[in-house]
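Below, each chain spelled out in residue letters.
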2 protein chains.
Amino acid sequence: MRRVKLTIAYDGTNYAGYQVQPNGNTVQAEVETVLAKMHGQAMKVVASGRTDARVHAKGQVIHFDTHLSMPADRFVKALNAMLPDDILVCSAEEVDTSFHARYGAKRKEYRYFIRTDVDPFRRHHAVTVTYALDRERMRQALRSLVGTHDFTSFSVTKSEVVDRVRTIYEAELVEAGDEMYFRFVGSGFLYNQVRIMVGTLMEVGRGKYEPADVSRMLAAKDRRSAGITAPPHGLYLWNVNYKKVD
Amino acid sequence: MRRVKLTIAYDGTNYAGYQVQPNGNTVQAEVETVLAKMHGQAMKVVASGRTDARVHAKGQVIHFDTHLSMPADRFVKALNAMLPDDILVCSAEEVDTSFHARYGAKRKEYRYFIRTDVDPFRRHHAVTVTYALDRERMRQALRSLVGTHDFTSFSVTKSEVVDRVRTIYEAELVEAGDEMYFRFVGSGFLYNQVRIMVGTLMEVGRGKYEPADVSRMLAAKDRRSAGITAPPHGLYLWNVNYKKVD
């Protein structure tokens, strides 16, 4: 058996999320169905992590094992020919069987896109905020999130994860034409963590919280101390990195 | 009665076109339905022209007559609150009752977006061309289209329009990041004219026709002499201008 690593992009608008679920079509189910057709047997893929309904990916990474002998890069064309046009295989490469898309991920990058006007062409791909956002206040608040922290206040309480300590290596607010986006690079993120961080930052930006409140929220280790959960459709899993962090 | 001019944008992906038709939902029907709710009676709107199924608009102009006494700019918020989120009223102003969205239009601008890679996020909003396009050849060909010509070769034969002479004031190919777009400003355009011009230009770009062939195509006054009709989803009605051309 050989292991193949795929980097895929998808528009999450029409999916009930990445992971296979009893109700609703998912990105994982689409990929597994197409792989099953190619292989003549049921196939399982493993992703770096799930993404929620309506969340997008520019660089999700998945792996699967194959008995086919074709060069790994041929999977790009073969899969894209059969996948729906809102899922794209960007690259495929053969990897060592020790590679694991989930457990091997060292860094993940998420971006969250916000715009201040209503644009029907971006309605599924960026969140529109009609109130004024003070970028300097949001940048101040962002600095409190960088580093190694217990992110319990910024995760969903129902999650069963015990260790909620994560490291954020980089966090910035980037202005990009008509839009701005938050960019987070971290060791990994808890369920809904990016959306809760962004929702809180937007509340700092509009004046509901002070930038200094974010440190207090982290210290509280209580979801109720942080702000709202931002909507899913502004969020993109941008990149997953498997190289050791220096 | 007062006349109101609206500038609207819409994502044409989910519509059977602009104009009301027996089958399929249309942009016109959505706007008329919402206006009818506001007015308590059936309402008709007049547009600068129709757009086909899956064609978009950034600046379509329509007008309607109203007995309501509210300031015209209030229609922006009122209509947007009721319209689906793929149609946006950008502005509203009261105009003289001699204003006519269709007959008063002096210049229209269309843009046609092309990209050379596959991007699932732009699948409904730009056309992907995977073959090489020689931009210099397309720019040469573009120059033949500028000016006043009989565009019979670049229009659909079934159309009943008799006078097929139109003027193109400006035509250019613009590189915009990952994409390029053709931009046409003209006195008006025949049915499918922009899509046939773009389809032909792409065939010039890939080497099927020579740039000089475009003049011969115009002279032939025969649809069969020109190239293919480009797909609808790269096309945007960008702007309609009602001021006299100097």
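Residues numbered from 1 in each chain as written. Chains lettered and ligands numbered in written order. Predicted model: local features only at pLDDT ≥ 70, side-chain atom pairs only at ≥ 80, totals over all residues. Heavy atoms only, no water.

Visitor: How do you make sense of the confidence of the model for chain A when you look at a structure like this?
Guide: Regions with low pLDDT should not have their predicted coordinates read in detail. The predicted model of chain A averages 94 in pLDDT, with 96% of residues at 70 or higher. Confidence estimates for the predicted assembly give a pTM of 0.90 and an ipTM of 0.87. (pLDDT = per-residue confidence, 0-100.)

Visitor: Help me out: how do you make sense of the domain arrangement of chain A in this one?
Guide: How big an interface is tends to be stated in terms of accessible area lost as the parts join. Residues and elements named next belong to chain A. Taken domain by domain, chain A consists of domain 1 (2–95) and domain 2 (107–241). Facing 16 residues of domain 1, the contacting portion of domain 2 comprises 15 residues. Each partner contributes to the roughly 1300 Å² buried at the junction of domain 1 and domain 2, and carbon and sulfur atoms together form 56% of this total. If you sort the residues of domain 1 by the area they bury against domain 2, R54, H56 and K58 come out on top, with a joint share of 39%. There are one salt bridge connecting domain 1 and domain 2. Between R195 and D52 there is a salt bridge, with its nearest N and O atoms 3.1 Å apart. Across the side of domain 1 that touches domain 2, the residue classes break down as four nonpolar, seven polar and five charged. (Domains from an automatic or database assignment. Contact = heavy atoms within 4.5 Å. Buried area = accessible area lost by both parts, 1.4 Å probe. Salt bridge = Lys/Arg side-chain N within 4 Å of Asp/Glu carboxyl O. Nonpolar A, V, L, I, M, F, W, Y, C, P; charged D, E, K, R; others polar.)

Visitor: For this particular structure, what's the right way to read the nonpolar core?
Guide: What tends to happen in soluble globular proteins is that the nonpolar side chains get buried as a cluster. Core analysis: the largest hydrophobic core is formed by 68 residues, its most contacted members being L6, F75, L145, F154, F182 and F184 of chain B. Residue contributions to this core peak at seven residues, all from helix 4 (residues 193–205) of chain B. Listed in part, the 67 residues of the second largest apolar core include I8, F64, A92 and I114 of chain A. (Core = buried A, V, L, I, M, F, W, Y, C linked by side-chain atoms within 4.5 Å. Buried < 20%, exposed > 50% of the residue type's maximum accessible area, 1.4 Å probe, protein only. Helix = DSSP H or I, 4+ residues; strand = E, 2+ residues; numbered from the N terminus.)

Visitor: Looking at this model, I keep getting lost on the relation of the copies chain B and chain A. Mind explaining?
Guide: Relating one copy of the chain to the other takes a rotation about an axis and a shift parallel to that axis. Taken as rigid bodies, chain B and chain A are interconverted by a rotation of 180° and an axial shift of 0.0 Å, the fit giving an RMSD of 0.0 Å. Such a turn and shift between the copies fits a two-fold axis. Taken as a fraction of all interface residues of chain B, those also at the interface in chain A reach 100%, which identifies the copy contact as same-surface. (Least-squares fit on C-alpha atoms with pLDDT ≥ 70 in both.)

Visitor: Quick question: what am I supposed to make of the interface of chain B and chain A here?
Guide: Contact residues are listed per partner, giving 18 residues for chain B and 18 residues for chain A. When chain B packs against chain A, the two sides together hide about 1400 Å² of surface, and 65% of this comes from carbon and sulfur. Among the residues chain B hides against chain A, the three largest losses belong to P120, F121 and R123 of chain B. Together they make up 48% of the total. Linking D86 of chain B and R123 of chain A is a salt bridge whose minimum nitrogen-to-oxygen distance equals 3.9 Å. Listing elements by their share of the side of chain B that touches chain A, those giving two or more residues are strand 1 (2–10), strand 3 (56–66) and strand 4 (87–95) of chain B. Counting residues per element, the side of chain B that touches chain A draws most heavily on strand 3 of chain B, at three residues. Looking at side-chain class alone, the side of chain B that touches chain A contains nine nonpolar, three polar and six charged residues.

Visitor: How do you make sense of the packing of aromatic side chains when you look at a structure like this?
Guide: Each aromatic ring pair is summarised here by two numbers: the centre-to-centre distance and the angle between the ring planes. Scanning all chains against the criterion turns up 20 aromatic pairs over all chains. On the basis of an interplanar angle of 35° and a centroid distance of 4.8 Å, the ring pair of F113 of chain A and Y181 of chain A is categorised as tilted. Placement of the pair is F113 of chain A in strand 5 (residues 107–115) and Y181 of chain A in strand 9 (residues 179–186), with a sequence separation of 68 residues. With respect to burial, F113 of chain A and Y181 of chain A carry one shared label: buried. Relative to F184 of chain A, the ring of F182 of chain A has its centre 6.2 Å away and its plane inclined at 25°; by these criteria the two rings are stacked. Comparing F182 of chain A with F184 of chain A shows no difference in burial state: the two are buried. Members of the aromatic cluster, each reached through a chain of ring pairs, are F113, Y181, Y236 and W238 of chain A together with F121 of chain B. Looking at R122 of chain A, its charged tip hangs above the ring of F113 of chain A, at a distance of 5.9 Å from the centre. Above the plane of the ring of Y131 of chain A lies R206 of chain A, whose end atom (NZ or CZ) is 3.6 Å from the centre. (Phe/Tyr/Trp six-rings, centres within 6.5 Å; stacked < 30°, edge-to-face > 60°. Lys NZ or Arg CZ within 6 Å of the ring centre and 35° of its normal.)

Visitor: Got a minute to help me understand the side chain of T66 of chain B in this structure?
Guide: Residues and elements named next belong to chain B. Among the secondary structure elements, T66 is positioned in strand 3. Under the relative-accessibility criterion, T66 is labelled buried at 1%. What T66 contacts, discounting residues up to four positions off in sequence, is M1, R2, V4, H39 and F75.

Visitor: Quick question: what am I supposed to make of the environment of K243 of chain A here?
Guide: All names here are of chain A. With respect to the secondary-structure elements, K243 resides in the segment after strand 10 (235–241). Considering only alpha carbons, one finds K243 and G104, 139 residues apart in sequence, at a separation of 8.7 Å. Residues within four places of K243 in sequence aside, it is in contact with K106 and R107.

Visitor: Looking at this model, I keep getting lost on helix 5 (residues 213–220) of chain B. Mind explaining?
Guide: Helical geometry note: an α-helix holds 3.6 residues per turn, so side chains three or four residues apart project in the same direction. Residues and elements named next belong to chain B. Among the residues making up helix 5, those that are buried are D213, V214, M217 and L218. On an axial view of helix 5, the arc spanned by its buried residues comes to 145°, and they lie on one face. Among the exposed residues of helix 5, those oriented more than 90 degrees off its buried face are R216 and A219. Those residues of helix 5 that are buried are in contact with helix 3 (135–145), strand 7 (147–150) and helix 4. In the segment just after helix 5, K221 is the residue with positive phi, at about 50°. (Arc of directions from axis to C-beta.)

Visitor: What exactly am I supposed to notice about the pattern of salt bridges here?
Guide: Side-chain pairs of opposite charge can arise whenever the charged atoms involved come near each other. Tallied over the entire structure, the rule returns 46 salt bridges over all chains. A salt bridge links R137 of chain A to E210 of chain A, with the nearest nitrogen and oxygen atoms 3.4 Å apart. Note that R137 of chain A is positioned in helix 3 (residues 135–145) and E210 of chain A in the loop between helix 4 (193–205) and helix 5 (213–220), a separation of 73 residues in sequence. On the accessibility criterion, R137 of chain A (17% relative accessible area) is buried. Taking the shortest distance from any N to any O, the salt bridge between E172 of chain B and R183 of chain B comes out at 2.8 Å.

Visitor: Hey, could you run me through the packing of helix 3 of chain A against helix 5 of chain A in this one?
Guide: All names here are of chain A. The N-to-C vectors of helix 3 and helix 5 enclose an angle of 30°; their axes lie 8 Å apart at closest approach. One way to sum up the angle between helix 3 and helix 5 is to call them roughly parallel. When the axes of helix 3 and helix 5 are compared, the crossing they make is right-handed. Contacts between helix 3 and helix 5 involve A141, S144 and L145 from the former and V214, S215 and L218 from the latter. Here the residues of the contact of helix 3 with helix 5 are counted per class, giving four nonpolar, two polar and no charged. (Axes fitted to C-alpha atoms, helices over the stretch in contact; angles between N-to-C directions. Parallel < 35°, antiparallel > 145°, perpendicular 65-115°, else oblique. Left-handed = near helix turned anticlockwise from the far one by under 90°.)

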